[in-house]
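Each chain, written out:
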Amino acid sequence: MTSKQKYSFSLIRLLASIGSAWLIVTGFFSALIPEFVTKLVSFRASECIIYAVFILAVFIIIFYLDVKHNEKNLSSYCFVFSLILLSLILCVKSSDMNTYIFMSVVMMLTFYCFNEKYKPNFLHKDFKKTALIASICAVTVFAFACVCLISVLRYKTYSAPNYDFGIFCNMFYNMKKTGLPISTCERDRVLSHFAVHISPIFYLLLPVYFVFSSPVTLAVLQPLIIFSSIIPLYFLAKQLKISSNATAFILIAFSLFAALSTGCFYDLHENCFLVPLLLWVFFFFEKDKKIPMFIFVILVLLVKEDAFIYIAFFSLYVILSRKKFALGSSMLVIASAYFVLTSYLLNKYGLGIMDSRYVNLSA
């Protein structure tokens, strides 16, 4: 082993010991003090010093034991299990637990990927594919069921507001009767929802609504669409040759990612289509399947008039990073042309594009 390798090995162990100390102390205080993690940003100087002293003391103990028992990789084990411990504590103590669970899983995955030689031995083992798929399905189904239950109960307990759930219940009822996205409450008058946002993607849900004509159907369909993202994400991970263990970590973290699932708690919006459709675009791009890729590019654009921005940035990545100029340029032209068309239609026949949200950037 060269001196450079020795230095890298020592640095990894040092970082693992520091991370373990921080996680253990944070978990300890989180167990004692409600919402401790959210209060960290408002700590006074004296409280920060106490917090740092505790972390330093635990770090010294962990690093000493790790050096003393060199061959056992104690710091690596301590890091992983302290992540799990903190996640469990936050499940009980924090009202924003999903965010921290996701953070913990991502940190664990990062450590797993960048600490190939000195990661804990159990992570070297390639778990059986059936066990991994079963774990992923169990977590995803559980998360999906929880989101569905809360979404339906919001409607059943009269907690879903007219803006925006009532708008889409009204719109789908009229779509079933007339085939048109007419709303009578969106702007306090009768008008097409497409006068506000051009979202033809909603017609993909109409056949299901024809069979099950209830607001409950809409409350269930949105989380179903969001959690369907697991399928293209799994195929994308396989296409990129990510290990089965890492794939399982990624998919479980994705299922628990609060920024996606809790978006359902303000009821139905067309944006729920963006994540699965974009992941299918990325998968077919990596698979070099141009026709299905362009089909999903069009579907992304049909989500909303401003959805072109996702395709535009992906096009720039394809051009600048992957050096596929023709493919990237064609996507960029299609996305830009669609945005120009929808902006024209909204300004001429609708209520105009809602650019007031970006006034701080355009002023």
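Nothing here was measured: the structure is a model prediction, and the numbers come from that model.

(A) How the structure looks around the pattern of salt bridges. Using the criterion set out here, one finds 3 salt bridges in the structure. One salt bridge connects Asp267 with Arg154, and the closest N-O pair in it is separated by 2.9 Å. With a gap of 113 residues between them, Asp267 in the loop between helix H13 (258-261) and helix H14 (274-286) and Arg154 in helix H7 (residues 129-156) connect regions that are remote in the sequence. As far as burial versus exposure is concerned, Asp267 and Arg154 are alike and both buried.

(B) Structural view of helix H11 (residues 230-239). All buried positions along H11 are accounted for by Ile230, Pro232, Leu233, Leu236 and Ala237. Taken around the axis of H11, the buried residues stretch over an arc of 165 degrees, which confines them to a single face. In the segment just after H11, Lys241 is the residue with positive phi, at about 60 degrees.

(C) Highlighting the nonpolar core. Core analysis: the largest hydrophobic core is formed by 60 residues, its most contacted members being Phe172, Phe202, Phe273, Val300 and Ile311. In terms of residues, this core owes the most to one element, H14, which gives 9 residues. If sequence neighbours within four positions are ignored, Phe202 has contacts with Phe168, Met171, Phe172, Met175, His193, Leu268, His269 and Glu270. Val25, Phe36, Phe43 and Ile62 belong to the second-largest nonpolar core, a separate cluster that totals 10 residues.

(D) Structural context of the side chain of Ser75. For Ser75, the location among the structural elements is in helix H4 (residues 74-93). Each residue touching Ser75, except ones within four places of it in the same chain, is listed here: Arg13, Ala16, Ser17, Ser20 and Asp66.

(E) Highlighting the packing of H11 against helix H12 (residues 244-255). Packing of H11 against H12 brings their axes to within 10 Å, and their N-to-C directions diverge by 155 degrees. Classified by the interaxial angle, the pair formed by H11 and H12 is roughly antiparallel. The handedness of the crossing between H11 and H12 is right-handed. For the pair H11 and H12, contact is made by Ile230, Leu233, Tyr234 and Ala237 and by Thr247, Ile250, Leu251, Phe254 and Ser255, respectively.

(F) Summary view of a positive patch on the surface. Together, Lys129, Lys238, Lys241, Lys287 and Lys289 make up a region of like positive charge exposed at the surface. Secondary-structure assignment places Lys129 in helix H7.

(G) Quick peek at the packing of aromatic side chains. Across all of its chains, the model carries 22 aromatic pairs by this definition. Residues Phe172 and Phe202 carry aromatic rings whose centres are separated by 5.7 Å and whose planes lie at 85 degrees to one another, so their mutual orientation is edge-to-face. One end of the pair, Phe172, is in helix H8 (residues 162-178); the other, Phe202, is in the loop between strand S2 (191-192) and helix H9 (206-211), and 30 residues separate them in sequence. Of the residues examined, Phe172 reaches a relative accessible area of 0% and is grouped as buried. Relative accessible area serves as the criterion here: at 0%, Phe202 is assigned to the buried category.

(H) Main features of the confidence of the model for the chain. On average, residues of the chain score 83 in pLDDT, and 83% of them are at 70 or above. In the model of the chain, helix H6 (residues 121-124) stands out as the element of lowest mean pLDDT, 50, in contrast to helix H15 (residues 290-301), which has the highest, 97. The low-confidence segment residues 1-8, where pLDDT is below 50, has 3 contacts with residues more than four positions distant or belonging to other chains.

(I) Broad picture of the environment of Gly352. Following the sequence through the fold, Gly352 ends up in the loop between helix H17 (325-349) and helix H18 (359-362). Of the residues examined, Gly352 reaches a relative accessible area of 11% and is grouped as buried. As for Gly352 and Val196, which are separated by 156 residues in sequence, their C-alpha atoms are 7.2 Å apart. Other than its neighbours up to four places away in sequence, Gly352 contacts Ala195, Leu346 and Asn347.

(J) Quick peek at the side chain of Asp267. Overall, the relative accessible area of 5% leaves Asp267 in the buried class. Excluding anything up to four places from it in sequence, Asp267 contacts Arg154, Ala160, Pro161, Phe165 and Gln222.

(K) Representation of the state of the cysteines. All chains considered together, the criterion is met by 0 disulfides. Between Cys148, a cysteine without a disulfide, and Cys264, which holds the nearest cysteine sulfur, the sulfur-to-sulfur distance is 7.8 Å. No disulfide involves Cys169; its sulfur sits 9.1 Å from the nearest other cysteine sulfur, which is in Cys185. Classification of Cys169 by relative accessible area gives buried; the value is 15%.

Rules and cut-offs
- The written sequence of each chain sets the order in which its residues are numbered from 1.
- Restriction of local features to residues with pLDDT of at least 70 applies here, the model being predicted, together with a cutoff of 80 or more for giving and counting side-chain atom pairs; totals for whole chains, interfaces and linings are based on all residues.
- Values shown for side chains rest on all heavy atoms present in the structure; no hydrogens or waters enter the calculation.
- In the sections that follow, a salt bridge refers to a side-chain nitrogen of Lys or Arg positioned within 4 Å of a carboxyl oxygen of Asp or Glu.
- A run of H or I in DSSP counts as a helix once it spans at least four residues, and a run of E counts as a strand once it spans at least two, with each numbered from the N terminus.
- The classification of residues rests on relative accessible area computed with a 1.4 Å probe and restricted to protein chains. Under 20% of the type maximum is buried, over 50% is exposed, and intermediate values are partly exposed.
- Summarising the geometry, the arc corresponds to the directions from the helix axis toward the C-beta atoms.
- Nonpolar core, defined: a set of buried Ala, Val, Leu, Ile, Met, Phe, Trp, Tyr and Cys residues in which side-chain atoms within 4.5 Å join the residues together.
- Contacts are assigned to residue pairs with any non-hydrogen atoms lying within 4.5 Å of each other.
- As a rule, the C-alpha atoms of each element are fitted with a line to give its axis, helices using only the stretch in contact, and angles between N-to-C directions run from 0 to 180 degrees.
- For classification purposes, an angle smaller than 35 degrees is called roughly parallel, one larger than 145 roughly antiparallel, one from 65 to 115 roughly perpendicular, and anything else oblique.
- For a crossing to be left-handed, the near helix must be turned anticlockwise from the far one by less than a right angle; the clockwise case is right-handed.
- Like charges within 9 Å and nonpolar side chains (Val, Leu, Ile, Met, Phe, Trp, Tyr) within 5 Å are joined into patches, using only residues over 30% in relative accessible area that form no salt bridge.
- Accessible surface is estimated by sampling points in the Shrake-Rupley manner with a 1.4 Å probe; for residues, cover comes only from the protein chains shown.
- The charged-residue count follows a simple rule in which Lys and Arg add positive charge and Asp and Glu add negative charge, with His and chain termini not counted at all.
- Charge positions are represented by NZ for Lys, CZ for Arg, CG for Asp and CD for Glu.
- Ring pairs are drawn from Phe, Tyr and Trp, using the six-membered ring of Trp, whenever the two centres fall within 6.5 Å, and their geometry is named by plane angle: stacked under 30 degrees, edge-to-face over 60, tilted for the rest.
- A residue's pLDDT is the confidence the predictor assigns to it, expressed on a 0 to 100 scale.
- Criterion for a disulfide: a pair of cysteine sulfur atoms at a distance within 2.5 Å.

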